[in-house]
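Structural overview
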Amino acid sequence: MKIVVAGGSGFLGEPLRVALRADGHTVANLTRNTTPRAPDDITWTPDGTAGAWAEVVDGADAVVNLAGEGIADQRWSASRKQSLLVSRLLPTRSLVAACARATRPPRVLVSASGVGFYGPHGDEIVTEATPAGDDFLANVCVEWEQAAEQASTVTRVALVRTGLALHPGGGALAQLLVPFRFGVGGPQGSGNQFMPWIHRDDWVDLVRWLISESAARGAFNATAPEPVTNREFARALGHALGRPALLPVPAFGLRMLLGEMSEMLVTGQRAVPARALEMGFRFKFTRLDEALADLFSSKIKIKNSKIQTLS
Ligand SMILES: NC(=O)c1ccc[n+]([C@@H]2O[C@H](COP(=O)([O-])OP(=O)(O)OC[C@H]3O[C@@H](n4cnc5c(N)ncnc54)[C@H](OP(=O)(O)O)[C@@H]3O)[C@@H](O)[C@H]2O)c1
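Looking now at the overall build of the protein chain. Across its full length, the protein chain carries ten helices and 15 strands. Relative to a compact globule of 311 residues, whose C-alpha radius of gyration would be 19 Å, the protein chain shows 19 Å and is just as compact. Overall, the C-alpha framework of the protein chain stretches about 60 × 40 × 40 Å when taken along its three principal axes. Considering the protein chain as a whole, with its 311 residues, one finds that 51% of them fall into the buried category. A fraction of 76% describes how many contacts in the protein chain between residues 6 or more apart in sequence connect residues 24 or more apart. Separation between the mean location of the 32 positive side-chain charges and that of the 30 negative ones in the protein chain comes to 6 Å.

So this is what it looks like as structure tokens:
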């Protein structure tokens, strides 16, 4: 197949492209970078319209949309919040325009979203049938998904509501490792909030499955079947690293440090992948301890209190 990935240079896109190429597919990566970093890079200007780059979408079998600025990269000022929204809406609209303009539209658009769609929930189980929340992240996800759904007149649309994708090389786990490195890791806030995690390999497999499974349309939680609380997560991470997980970080401290973004850490969702499981997708990693054991087996070691990521 010919598969176009937009925003495929990042933490999730890179391993996805590697896996798709290993499957024998031809992959093109839409990037804003004007100097190609990889042979499959194509420069695009995601301004809400379809430019010359859109030719690559015509005749492609699948498009995967991962573009957007990093949610946790900076404090959420009013202008940062606007950038987080716009950096998702414009690329999505550009891809939808490219699909609409194509003489041979792709068979599927797999478009990123997040479990933030649901807003904060206590310990109630959250499935794809749970309605949207009403905080900043939920509103971003709603608009982002609605923009992608516009392509459903010409192609199948699958929305990937990703939880915390885990790999020590980046994303949330790389940030969570920092306090453990200094021996001060522990739960955040009350520790009772749920953390819907997914091993990054399972995320890659789920997207490959969404591309090939012709009945898969609409929203899919990309989260492991067994979410854990933040306290359980800290304990499991401490255990995997052989480091204590004793020191709680109080919610007010996180709020002082991170502002509104701290809500993302001190609240959560007990999200489960109900639809993928119902439709027969099998996760390799359902238990967090097994996922962490795999992730840290050869990829990381702690030497003189420094974490070294080997791959
Ligand atoms: N990682 C997770 O745990 C997680 C969880 C939930 C949801 N998600 C969502 O899944 C998607 C991929 O995640 P990721 O972790 O791979 O993100 P990432 O590492 O930040 O990569 C996202 C890519 O988007 C492109 N991009 C950045 N700013 C952009 C802008 N203003 N306009 C257009 N493109 C832009 C960049 O590609 P170029 O610089 O090459 O253009 C970048 O490589 C994101 O939308 C993210 O919100 C991720």
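Now that the structure is up, let's keep going.
All right, on to the pattern of salt bridges then. Opposite charge on two side chains lets them pair, provided their charged atoms get close. In the structure shown here, the tally under the stated rule is 13 salt bridges. With a closest N to O distance of 2.8 Å, Asp-40 and Arg-21 form a salt bridge. Of this pair, Asp-40 sits in the loop between strand 2 (26–31) and strand 3 (41–43) while Arg-21 sits in helix 1 (residues 13–22), and the two are 19 residues apart along the sequence. You can call Arg-21 partly exposed: its relative accessible area is 41%. Here Glu-290 makes a salt bridge to Arg-287, at a shortest N to O gap of 3.8 Å. By relative accessible area, which is 41% here, Glu-290 ends up partly exposed. Within the structure, one salt-bridge network assembled from shared partners comprises Glu-14, Arg-17, Arg-21, Asp-40 and Asp-41.

Right, let's get into the site of the ligand. Neighbouring the ligand are 24 residues; Ser-9, Leu-12, Thr-31, Arg-32 and Arg-88 lie closest to it. One of the backbone N or O atoms of Gly-10 is found 3.3 Å from an oxygen atom in the ligand. A distance of 3.0 Å is found between an oxygen atom of the ligand and a backbone nitrogen or oxygen belonging to Ala-165. In isolation the ligand exposes 890 Å². Once the protein is present, 82% of that is buried. Mapped onto the shell around the ligand, the elements with two or more residues apiece are helix 2 (78–101), strand 5 (108–114) and strand 8 (164–166). In terms of residue count, helix 2 provides more of the shell around the ligand than any other element does, three residues in total.

With the rule as written, the count across this model stands at six aromatic pairs. Between Trp-44 and Trp-53 the ring centres are 5.1 Å apart and the planes differ by 90°, which places this aromatic pair in the edge-to-face class. With a relative accessible area of 8%, Trp-53 lands in the buried category. A centroid spacing of 5.2 Å and a plane angle of 80° characterise the contact between Phe-117 and Tyr-118, whose relative ring orientation is edge-to-face. The buried category is assigned to Tyr-118, whose relative accessible area is 1%. Taken together, the ring pairs connect Trp-209, Phe-220, Phe-281 and Phe-283 into an aromatic cluster.

Here we come to the packing of helix 6 (residues 230–241) against helix 10 (residues 288–297). Two numbers describe how helix 6 lies on helix 10: the axes approach to 10 Å, and their chain directions differ by 35°. Where helix 6 crosses over helix 10, the two elements pack in a sense that is right-handed. Between helix 6 and helix 10, the contacting residues are Phe-233, Ala-236, Leu-237, Ala-240 and Leu-241 on the first element and Leu-288, Leu-292 and Phe-296 on the second.

For Thr-130, the location among the structural elements is in the loop between strand 6 (125–126) and helix 3 (136–149). In this structure Thr-130 touches Phe-117, Tyr-118, His-121 and Ile-125, once residues within four positions along its chain are discounted.

This next bit is on helix 3. The end-to-end C-alpha distance of helix 3, which contains 14 residues, comes to 20 Å, matching closely the 20 Å that a straight helix rising 1.5 Å per residue would cover. Buried within helix 3 we find Phe-136, Leu-137, Ala-138, Val-140, Cys-141, Trp-144, Glu-145, Ala-147 and Ala-148. Summarising the contacts, the buried residues of helix 3 are in contact with strand 4 (62–65), helix 2, strand 5, strand 7 (156–162) and helix 8 (263–266).

Moving on to the nonpolar core. Counting residues in each nonpolar core, the largest one holds 37 residues, and the members touching the most others are Val-5, Leu-16, Val-64, Val-110, Trp-203, Leu-210 and Ile-211. Contributions of two or more residues to this core are made by strand 1 (2–6), helix 1, strand 4, strand 5, helix 3, strand 7, helix 5 (200–212) and strand 11 (218–222). If sequence neighbours within four positions are ignored, Val-110 has contacts with Val-63, Val-64, Asn-65, Ala-158, Val-160, Val-207, Leu-210 and Ile-211. Core analysis: the next-biggest nonpolar cluster, separate from the first, contains 23 residues, Leu-30, Trp-53, Val-56 and Val-63 among them.

We now examine helix 4 (residues 171–181). In an α-helix, one turn spans 3.6 residues, which is why side chains three or four residues apart end up on the same side. Where helix 4 is concerned, the buried positions are Leu-173, Leu-176, Leu-177 and Phe-180. One side of helix 4 carries all its buried residues, which in axial view fall inside an arc of 110°. Backbone geometry just after helix 4 places Gly-183 at a positive phi near 75°.

Cut-offs and rules
- Residues numbered from 1 in each chain as written.
- Predicted model: local features only at pLDDT ≥ 70, side-chain atom pairs only at ≥ 80, totals over all residues.
- Heavy atoms only, no water.
- Helix = DSSP H or I, 4+ residues; strand = E, 2+ residues; numbered from the N terminus.
- Rg over C-alpha atoms; globule rule 2.2 N^0.38 Å.
- Buried < 20%, exposed > 50% of the residue type's maximum accessible area, 1.4 Å probe, protein only.
- Contact = heavy atoms within 4.5 Å.
- Lys, Arg positive; Asp, Glu negative; His and termini not counted.
- Charge placed at Lys NZ, Arg CZ, Asp CG, Glu CD.
- Salt bridge = Lys/Arg side-chain N within 4 Å of Asp/Glu carboxyl O.
- Near = heavy atom within 4 Å.
- Polar contact = N/O pair within 3.5 Å; in protein donor to acceptor, adjacent residues only side chain to side chain.
- Areas by Shrake-Rupley, 256 points an atom, 1.4 Å probe, with all protein chains shown as cover.
- Phe/Tyr/Trp six-rings, centres within 6.5 Å; stacked < 30°, edge-to-face > 60°.
- Axes fitted to C-alpha atoms, helices over the stretch in contact; angles between N-to-C directions.
- Left-handed = near helix turned anticlockwise from the far one by under 90°.
- Expected span 1.5 Å × (residues − 1).
- Core = buried A, V, L, I, M, F, W, Y, C linked by side-chain atoms within 4.5 Å.
- Arc of directions from axis to C-beta.

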